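Survey of secondary and tertiary structure
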Amino acid sequence: MDKHHFLDEVEKRLTRLSSASRQGYPPSPLERHRLEGFMEAGVFLGLVTPQELIDLKERTCQAIFGMSVAERKKQKQGSWPLEDIDYSQYEKPRWSR
């Protein structure tokens, strides 16, 4: 795989996840983490730089949502708080809480 094919695949995956999100179907944490891992692997293998991926993410977000990644984060802040829930209180048995 070369740089061009890798970036095309990342763009395809970003577009698929972002389009679903725009239609009201937020990606699962598993899907997001897989994409992030795929992108990180590209950096690790030397196919792309982190800045190239940041630029690609910005372009994709701009094309799908009509706003930057920062604007999008600000807009959707608090709308899907599933990953922000602190479950540490449930790590102890119920009788000892």
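These remarks concern the structure in this document. (Residues numbered from 1 in each chain as written. Predicted model: local features only at pLDDT ≥ 70, side-chain atom pairs only at ≥ 80, totals over all residues. Heavy atoms only, no water.)

**Brief notes about the packing of aromatic side chains**
Short version of the rule: Any two rings among Phe, Tyr and Trp, with Trp reduced to its six-membered ring, count as a pair given centres within 6.5 Å; such a pair is stacked if its planes are under 30 degrees apart, edge-to-face if over 60, and tilted if neither. A run of DSSP states H or I qualifies as a helix once it reaches four residues; a run of E qualifies as a strand once it reaches two. Both are numbered from the N-terminal end. The criterion for a charge sitting over a ring is simple: Lys NZ or Arg CZ within 6 Å of the ring centre, and within 35 degrees of the ring normal.
Inspection of every chain in the model, using the stated rule, returns one aromatic pair. Considering the side-chain rings of Phe 6 and Phe 38, the 4.8 Å spacing of their centres and the 25° angle between planes classify their relative orientation as stacked. Taken together, the positions of Phe 6 in helix α1 (residues 3-22) and Phe 38 in helix α2 (residues 29-44) put the pair 32 residues apart, joining distant regions of the chain. Taking NZ or CZ as reference, Arg 13 lies 3.9 Å from the ring centre of Phe 38, over its face.

**Some details on helix α3 (residues 50-65)**
Inclusion rule: One less than the number of residues in a helix, times 1.5 Å, gives the span that helix is expected to have. Three exposure classes are used, based on accessible area relative to the maximum for each residue type with a 1.4 Å probe and protein chains only: buried under 20%, partly exposed in between, and exposed over 50%. Picture the helix axis, draw a direction to every C-beta atom, and the arc is the one those directions span. Pairs of residues are marked as contacts when any of their non-hydrogen atoms sit within 4.5 Å.
For α3, built from 16 residues, the straight-helix expectation of 22 Å at 1.5 Å per residue is met to within 8% by its first-to-last C-alpha distance of 22 Å. Where α3 is concerned, the buried positions are Leu 53, Leu 56, Thr 60, Cys 61, Ile 64 and Phe 65. Buried residues of α3, seen end-on, are gathered within an arc of 130° and therefore sit on one face of the element. Exposed residues lying more than 90 degrees from the buried face of α3 are Arg 59 and Ala 63. Each element contacted by the buried residues of α3 is listed here: α1, α2 and α4 (69-76). Backbone geometry just after α3 places Gly 66 at a positive phi near 75°.

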